[in-house]
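# Summary of the model geometry
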Amino acid sequence: MSRPPGRKQENHKISRELLVLTYGALVAQLCKDYEKDEDVNICLDRMGYGIGVRLIDDFLARSAVKKCRSYSETADMIAQVAFKMYLGVTPSVSCSSAAGNEFSLILDKNPLVDFVEELPAERASLCYCNLLCGVIRGALEMVHLAAEVTFLQDRLKGDAVTEIGITFLRKAEDRKHKRNK
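The structure presented is a predicted model; accordingly, all values stated were derived computationally and were not measured.

### Quick notes on the sheet that holds strand E1 (residues 92-95)
Pairing is antiparallel across the open sheet formed by four strands, whose spatial order is E1-E2-E4-E3. Each edge of the open sheet carries a strand with a single partner, namely E1 and strand E3 (147-153). Direction aside, the axes of adjacent strands within the sheet are offset by 25 degrees on average. Across six bridges, E3 lies against strand E4 (residues 162-168) in antiparallel orientation.

This is the structure we're talking about:
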């Protein structure tokens, strides 16, 4: 079936508000399904991981970025390109280790919590946006960068900012030696 001439292909994008509302409903349902916050956190991380594994292909195709040569370039790429592309925000990046393998993404505004004022007292250990950690970890693993990704600070828990910590698990020198063998 052909398209009528002159009709442009529609770009199907989910609005940010719909994503945020849908995500809120997802977290609420997981909270009903699981008694422990740790179980909800694990489930959100797993879901995010699955999204990240698939999202990296879209990211690489749409962004046309070149290969990153260091962990700091990778952290900058995540913040300046990926977060901007998919969430419409650009977190600041800071390196938190002398080895250069630990970084923090600091979000002044987290779009996933636009309609959430605070977590209920009985859900104090819930990492509401843990899906983001899974997405980052899954995407990094698909480009052969093992990483540990966790929330270090969260506005929903009373912190001044939302901070996501990324620790690359192999040193840059280890990667170079493996390639040269």
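### Comments concerning the environment of Val143
Counting through the fold element by element, Val143 comes out in the loop between helix H4 (130-142) and E3. The exposure class of Val143 is partly exposed, given its relative accessible area of 34%. Between the C-alpha atom of Val143 and that of Asp57, which follows or precedes it by 86 residues, the distance is 9.8 Å. Aside from chain neighbours lying at most four places away, what touches Val143 is Ile56 and Leu60.

### Here's the deal with the state of the cysteines
Across all of its chains, the model carries zero disulfides by this definition. Left unpaired, Cys127 is separated from the closest cysteine sulfur, that of Cys133, by 7.1 Å. Judged by its relative accessible area of 18%, Cys127 is buried. Considering cysteine sulfurs only, Cys133 is the nearest to Cys129, which forms no disulfide, with 8.9 Å between them.

### Topic: the pattern of salt bridges
Two side chains that carry opposite charge are able to pair once their charged atoms sit near each other. If you walk through the whole model with that rule in mind, you get five salt bridges. Linking Asp37 and Arg123 is a salt bridge whose minimum nitrogen-to-oxygen distance equals 2.6 Å. One end of the pair, Asp37, is in helix H2 (residues 37-63); the other, Arg123, is in the loop between strand E2 (102-107) and H4, and 86 residues separate them in sequence. Where Asp58 meets Arg62, a salt bridge forms, and the shortest distance between an N and an O atom there is 3.2 Å. With Asp58 and Arg62 both in helix H2 and four residues apart, the pair spans about one turn of that helix.

### Thoughts on the confidence of the model for the protein chain
Confidence along the protein chain averages 87 in pLDDT terms, with 86% of residues attaining 70 or more. Predicted confidence in the protein chain is weakest over helix H5 (residues 172-180), with a mean pLDDT of 50, and strongest over H4, with 97. In this model, residues 6-12 is a region of pLDDT below 50 whose contacts with residues beyond four sequence positions or in other chains number one contact.

### Overview of the side chain of Ser97
Checked against the element boundaries, Ser97 lands in the loop between E1 and E2. Within polar-contact distance, the side chain of Ser97 engages the backbone nitrogen of Asn101 at 3.3 Å. Looking at Ser97, its side chain comes within polar contact range of the main-chain nitrogen of Glu102, at 3.3 Å.

### Quick word on the nonpolar core
With 37 residues, the main nonpolar core has Phe83, Tyr128, Ile136, Ile164 and Ile166 as its most contacted residues. Sequence-distant contacts of Ile164, defined by excluding residues within four places in its chain, comprise Phe83, Phe103, Ser104, Leu105, Leu107, Leu132, Cys133, Ile136, Val149, Thr150 and Phe151.

### Topic: helix H1 (residues 16-33)
For the α-helix, the turn length of 3.6 residues means that residues three or four positions removed from each other point alike. For H1, which comprises 18 residues, the first-to-last C-alpha distance of 26 Å matches the rise-based estimate of 26 Å (1.5 Å per residue) to within 8%. Residues of H1 that are buried include every one of Val20, Tyr23, Val27, Leu30 and Cys31, and no others. Projected down its long axis, H1 shows its buried positions confined to an angular sector of 100 degrees, all on one face. Turned more than 90 degrees away from the buried face of H1, the exposed residues are Leu21, Lys32 and Asp33. In this structure, the buried side of H1 is in contact with H2 and H4.

Rules used throughout
- Residues numbered from 1 in each chain as written.
- Predicted model: local features only at pLDDT ≥ 70, side-chain atom pairs only at ≥ 80, totals over all residues.
- Heavy atoms only, no water.
- Pairing = 2+ DSSP bridges.
- Helix = DSSP H or I, 4+ residues; strand = E, 2+ residues; numbered from the N terminus.
- Axes fitted to C-alpha atoms, helices over the stretch in contact; angles between N-to-C directions.
- Buried < 20%, exposed > 50% of the residue type's maximum accessible area, 1.4 Å probe, protein only.
- Contact = heavy atoms within 4.5 Å.
- Disulfide = S-S within 2.5 Å.
- Salt bridge = Lys/Arg side-chain N within 4 Å of Asp/Glu carboxyl O.
- pLDDT = per-residue confidence, 0-100.
- Polar contact = N/O pair within 3.5 Å; in protein donor to acceptor, adjacent residues only side chain to side chain.
- Core = buried A, V, L, I, M, F, W, Y, C linked by side-chain atoms within 4.5 Å.
- Expected span 1.5 Å × (residues − 1).
- Arc of directions from axis to C-beta.

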